[in-house]
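Observations on the three-dimensional arrangement
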Amino acid sequence: MTAVCASAAEAVAGVEDGSTVLIGGFGMAGMPVALIDALIDQGATDLTVVSNNAGNGDTGLAALLAKGRVRKMVCSFPRQVDSYVFDGLYREGKVELEVVPQGNLAERMRAAGAGIGAFFCPTGVGTPLAEGKETREIDGRTYVLEYPIRGDVALIGAHVADRMGNLVYRKTARNFGPVMATAATTTIAQVARVVASGELDPEAVVTPSIYVDRIVAV
Amino acid sequence: MTAVCASAAEAVAGVEDGSTVLIGGFGMAGMPVALIDALIDQGATDLTVVSNNAGNGDTGLAALLAKGRVRKMVCSFPRQVDSYVFDGLYREGKVELEVVPQGNLAERMRAAGAGIGAFFCPTGVGTPLAEGKETREIDGRTYVLEYPIRGDVALIGAHVADRMGNLVYRKTARNFGPVMATAATTTIAQVARVVASGELDPEAVVTPSIYVDRIVAV
Amino acid sequence: MSPSKALSKDEMAALVARDIPQGSYVNLGIGQPTLVADFLAPDSGVVLHTENGMLNMGPAAVGGEIDPDLTNAGKIPVTELPGASYFHHADSFAMMRGGHLDVCVLGAFQVAANGDLANWHTGAADAIPAVGGAMDLAIGAKRVFVMMTLFAKDGSPKLVPSCTYPLTGVGCVDRVYTDVATFQVGPDGAVVLETFGITFADLAARLDVPLRRAEDAAGA
Amino acid sequence: MSPSKALSKDEMAALVARDIPQGSYVNLGIGQPTLVADFLAPDSGVVLHTENGMLNMGPAAVGGEIDPDLTNAGKIPVTELPGASYFHHADSFAMMRGGHLDVCVLGAFQVAANGDLANWHTGAADAIPAVGGAMDLAIGAKRVFVMMTLFAKDGSPKLVPSCTYPLTGVGCVDRVYTDVATFQVGPDGAVVLETFGITFADLAARLDVPLRRAEDAAGA
């Protein structure tokens, strides 16, 4: 059952040190800033964070990094014009980095959510990012074996939730949210508002309630 | 670009003998009966048909089977109370059958559409349907390696299309349509009506236009 | 507490319903397991999944409610409840295979003491094989409950040392609800949880499976 | 036909736009490739994909149109056109990886005559690696066009016998649009399709890659 939380602090309660945290967003679009701020206050540290980017400016994921709470970043594109917090930590050797092609990041989380043990993927074949990985030729094409990425917690941003926990998103802010929601043990969503069950069109629900553990309107 | 066809006959033109045809529907819900009828008239034969069931009563897929156009059925559940056409052909040895667990049927077509070469799946491990297939233990669980199922043609039923080819469905008639649309070289959809581009909510489109080659309102 | 006689199908369904935790996401297999829905308390918060692509399925549709586009996995017309959602088959089975359902209730031809399940095929040479979602359901849910009579029409037990029918899944069943007893099954074998109209000794005599009492198992 | 001087970025973009068939589904990479959109005819029917989850993306947003929830892959605010659709990242990259896009236009550090692409990492020891969707784009589309100047700032050619920078994809590029020539690349090596302000002989002299003329290649 999905809990409707009164505050972001309540929503992120109990995240443990050493957790793997999936954080939604593509740049700032869809980034659950209120949940990340609450996680900073909550204090969990030694985190592995899986997110497309490695923070922008000084807020959200960048702030979590700045506090030294992140042991390792798993992302596709850390380096951005405003990723100076991550850049500094990385150059000082204070954060580990695993770079994963963007589509593999998504598909590996999808595999975790879908109960797939591993999959043969054509992306990255023959590149440094596939070095050391098992490969196989299937029907004349070479594939790399990729494994699921699971989260203990997913923090995602959505647009509207109903009280059951069904979610809809807005435009390209949808990005990683629906995939991460399936891949974590505990999925926590911040939304602009929570409506009564039955107010979302069942045909247009993007993340069914089964994937959502806690929601908070911010 | 998606073609808006004037008739089901125009929509199914050019299907070749020996094709693999993915046919949507779960029972009669979402079954593209008008397209199947047109395919019967079109005459393509020696078909491999991939569909969840093997026809109900005397219409749709059952009629295609009755005409002797199907060499092989790939499906999860041929045997139903009203599958007498298939049952008779199968017992007479006039049609081959490959039984695939329902979720594997969906996931194997999803893999075809998503460019995945193969995937390790926990379904069916230790059962007759996994006999002879490669298995592997990953993180203490045993998986079977499953390969994509691709179609030359997909015939699907949807609810509304816009002129670009975006599709929405109705309730559980959605079933296999969106997956099959991604897995076939040519995807043909019958819909209740075609509206102008811009009339479907972009947040609620289920099958994006890129997957749809021909549409016909019936 | 052992009622003095064997349970009816409805009583079995009520027993299963009793053991489904508040707020669970549940898939009820085709046939007898669908009866369980009738015994879930209105405030149970249990959400029903149907593998043809829906969450928060409502009761069977009657009269003007019947809509050919809205059926359950048994192709019976059903209704939707507030907070429902629809999704395609790959997403629906990803939901099952990914372990997101709390409970799945299935019928069975045979269950082995180790939790192996046979419920899709009698193995008869002339039978047309048809599996549907049985294998996906068997391995997907966090807990798999089986609901069946304990003895076949010919009197042979359906809780067995090892399935003789073709398997649906390996070691996947957690609990077995029958007309005369409920069992826990798994790597440690079969444990009798409750009996109905039969003594433990009589039950043990009629099955080829070593049985433990729940009290003893709990102490083990 | 060889214009008398090298092409501007806009002219290169116009050239790429010319070669995109009517009604194609196209992904334009971050940076220079986005210029191509400005040269697509209004009636071209070309549909733009952005890998962060949208089809039928419109031009950059200006003024009141700017919406932080609607950006392209370069995180630039954009607009939506009628017939747009949104989808999540796994679906978006499935669309690419599955070969559904007709054309993808990318920038590059180096392209090898066999179609190998290097466009994500200079290999410098102190560079922070960042790949984004480059590898997915490189192997996904039916045809991959690269748009780049033919020579780096230090004068070294970017069309090379073999990439010295870390690869993005193997044998994935079909065409290369540069300021002084367009090329077809692939298993049969590099073919010069057009030159701009340079002769074939001068071009051949400045590259370490064996070049064929389109006329000869067609006859081969």
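Our structure is the block above this text.
All figures in this text were calculated on a predicted structure; none of them were measured in a lab. (Residues numbered from 1 in each chain as written. Chains lettered and ligands numbered in written order. Predicted model: local features only at pLDDT ≥ 70, side-chain atom pairs only at ≥ 80, totals over all residues. Heavy atoms only, no water.)

**Details of the overall build of chain A**
Scanning chain A for helices and strands turns up six helices and 14 strands. A principal-axis box enclosing the C-alpha atoms of chain A has dimensions of 50 × 45 × 30 Å. Counting only residues that meet the buried cut, chain A has 65% of its 218 residues in that class. Considering only contacts in chain A between residues 6 or more positions apart, those separated by 24 or more positions represent 73%. Carbon and sulfur atoms make up 46% of the accessible area of chain A, which totals about 7200 Å². Seen as two clouds, the 19 positive and the 24 negative side-chain charges of chain A have centres 2 Å apart. (Helix = DSSP H or I, 4+ residues; strand = E, 2+ residues; numbered from the N terminus. Buried < 20%, exposed > 50% of the residue type's maximum accessible area, 1.4 Å probe, protein only. Contact = heavy atoms within 4.5 Å. Areas by Shrake-Rupley, 256 points an atom, 1.4 Å probe, with all protein chains shown as cover. Lys, Arg positive; Asp, Glu negative; His and termini not counted. Charge placed at Lys NZ, Arg CZ, Asp CG, Glu CD.)

**Section: the sheet that holds strand β4 (residues 70–75) of chain B**
Residue and element names in this part refer to chain B. Taken in spatial order, the eight strands line up as β1-β14-β12-β9-β2-β3-β4-β5 in an open sheet, and their pairing is parallel. Each edge of the open sheet carries a strand with a single partner, namely β1 (3–4) and β5 (96–99). Relative to strand β14 (residues 214–217), strand β12 (residues 184–191) runs parallel, the two being bridged by four bridges. Paired with Val-191 across the two strands is Ala-217, which belongs to β14. (Pairing = 2+ DSSP bridges.)

**Thoughts on the packing of helix α5 (residues 102–114) of chain A against helix α2 (residues 89–97) of chain D**
Viewed as axis vectors pointing N to C, α5 of chain A and α2 of chain D meet at an angle of 120 degrees, and their least axial separation amounts to 9 Å. One finds that α5 of chain A runs oblique with respect to α2 of chain D. Judged by the sense of rotation from one axis to the other, the crossing of α5 of chain A with α2 of chain D is left-handed. Only His-89, Ala-90, Phe-93 and Arg-97 of chain D of α2 of chain D make contact with α5 of chain A, whose side of the interface consists of Gln-102, Gly-103, Ala-106, Glu-107 and Arg-110 of chain A. Tallied by class, residues from the contact of α5 of chain A with α2 of chain D come to three nonpolar, three polar and three charged. (Axes fitted to C-alpha atoms, helices over the stretch in contact; angles between N-to-C directions. Parallel < 35°, antiparallel > 145°, perpendicular 65-115°, else oblique. Left-handed = near helix turned anticlockwise from the far one by under 90°. Nonpolar A, V, L, I, M, F, W, Y, C, P; charged D, E, K, R; others polar.)

**Notes on the packing of aromatic side chains**
In the structure shown here, the tally under the stated rule is seven aromatic pairs over all chains. Plain terms: the ring middles of Phe-86 of chain B and Tyr-90 of chain B are 5.7 Å apart, the flat faces sit at 20 degrees to each other, and that makes the pair stacked. Residue Phe-86 of chain B and its partner Tyr-90 of chain B are both found in helix α4 (residues 84–91); the two are separated by four residues, about one turn of the helix. For the ring pair Phe-145 of chain D and Tyr-177 of chain D, a centre distance of 5.4 Å and an interplane angle of 55 degrees mean the geometry is tilted. With a gap of 32 residues between them, Phe-145 of chain D in strand β8 (residues 143–147) and Tyr-177 of chain D in strand β10 (residues 175–177) connect regions that are remote in the sequence. Tyr-177 of chain D gets classed as buried once you look at its relative accessible area, which sits at 1%. We note Lys-75 of chain C situated over the ring of Phe-26 of chain B; from NZ or CZ to the ring centre the distance is 4.5 Å. (Phe/Tyr/Trp six-rings, centres within 6.5 Å; stacked < 30°, edge-to-face > 60°. Lys NZ or Arg CZ within 6 Å of the ring centre and 35° of its normal.)

**Quick look at the interface of chain B and chain D**
On the side of chain D, 22 residues touch chain B, which itself brings 19 residues to the contact. Counting each side, the surface lost to burial between chain B and chain D is near 1600 Å², with a carbon and sulfur contribution of 60%. Per-residue buried area on chain B facing chain D is highest for Met-1, Pro-202 and Ile-210 of chain B; these three make up 37% of the total on that side. Summed over the shared surface of chain B and chain D, the number is zero salt bridges. Applying the counting criterion to the chain B and chain D interface returns seven residue pairs in polar contact (both at pLDDT 80 or more). If you tally residues by element for the side of chain B that touches chain D, the top one is helix α5 (residues 102–114) of chain B, at three residues. Among the residues making up the side of chain B that touches chain D, the classes are represented as nine nonpolar, seven polar and three charged. (Buried area = accessible area lost by both parts, 1.4 Å probe. Salt bridge = Lys/Arg side-chain N within 4 Å of Asp/Glu carboxyl O. Polar contact = N/O pair within 3.5 Å; in protein donor to acceptor, adjacent residues only side chain to side chain.)

**Notes on the interface of chain D and chain A**
Taken together, the contact between chain D and chain A spans 36 residues of the former and 42 residues of the latter. With both chains or domains summed, chain D and chain A bury close to 3200 Å², and 61% of this area falls on carbon and sulfur atoms. For Glu-80 of chain D, the salt bridge goes to Lys-171 of chain A, with nearest N and O atoms at 3.1 Å. Connecting chain D to chain A are 21 residue pairs in polar contact (both at pLDDT 80 or more). Mapped onto the side of chain D that touches chain A, the elements with two or more residues apiece are β4 (78–86), α2 and α3 (134–140) of chain D. When residues of the side of chain D that touches chain A are assigned to their parent elements, the largest contribution, four residues, is made by α2 of chain D.

**With respect to the side chain of Arg-108 of chain A**
Residues and elements named next belong to chain A. When you line up the elements, Arg-108 lands in helix α5. Residue classification places Arg-108 among the buried positions, given a relative accessible area of 10%. With near-sequence residues (within four places) excluded, Arg-108 lies in contact with Glu-98, Val-100, Phe-119, Lys-133, Glu-146, Tyr-147, Pro-148 and Ile-149.

**A few points about the pairing of strand β3 (residues 47–50) of chain B**
All names here are of chain B. Neither face of β3 is left uncovered, since the one carrying Leu-47 and Val-49 and the one carrying Thr-48 and Val-50 both have all their residues buried. As defined by bridge partners, strand β2 (residues 20–23) adjoins β3 across three bridges and the pair is classed as parallel. Of the residues in β3, the one forming a bridge with Val-21 is Val-49. For the crossover from β2 across helix α2 (residues 33–42) to β3, the handedness is right-handed. Here four bridges tie β3 to β4, and the two strands are oriented parallel to one another. Within β4, the residue paired with Thr-48 across the bridge is Lys-72. Considered for its hand, the β-α-β crossover made up of β3, helix α3 (residues 61–66) and β4 is right-handed. (Right-handed = clockwise from strand over helix to strand, strands pointing away.)

**Some thoughts on the pairing of strand β12 (residues 190–195) of chain C**
All names here are of chain C. Most of β12 sits out of view: five of its six residues are buried. Across four bridges, the pairing between strand β11 (residues 181–184) and β12 is antiparallel. The partner of Gln-184 across the bridge, within β12, is Val-191. What sits between the antiparallel neighbours β11 and β12 is a turn of five residues, in which Gly-186 has the positive phi angle 155 degrees. In the sheet, β12 pairs with strand β13 (residues 211–213) via three bridges, with the strands oriented parallel. In the sheet register, Val-191 faces β13, and the bridge partner there is Arg-212. In this region the chain leaves β12, passes through helix α4 (residues 200–206) and returns to the parallel neighbour β13; the handedness of that crossover is right-handed.

**Brief notes about α4 of chain B**
All names here are of chain B. Listed as buried for α4 are Val-85, Phe-86, Asp-87 and Leu-89. Buried residues along α4 sit against α3, β4 and β5. A positive backbone phi angle near 75 degrees is found at Gly-93, which sits one or two residues after α4.

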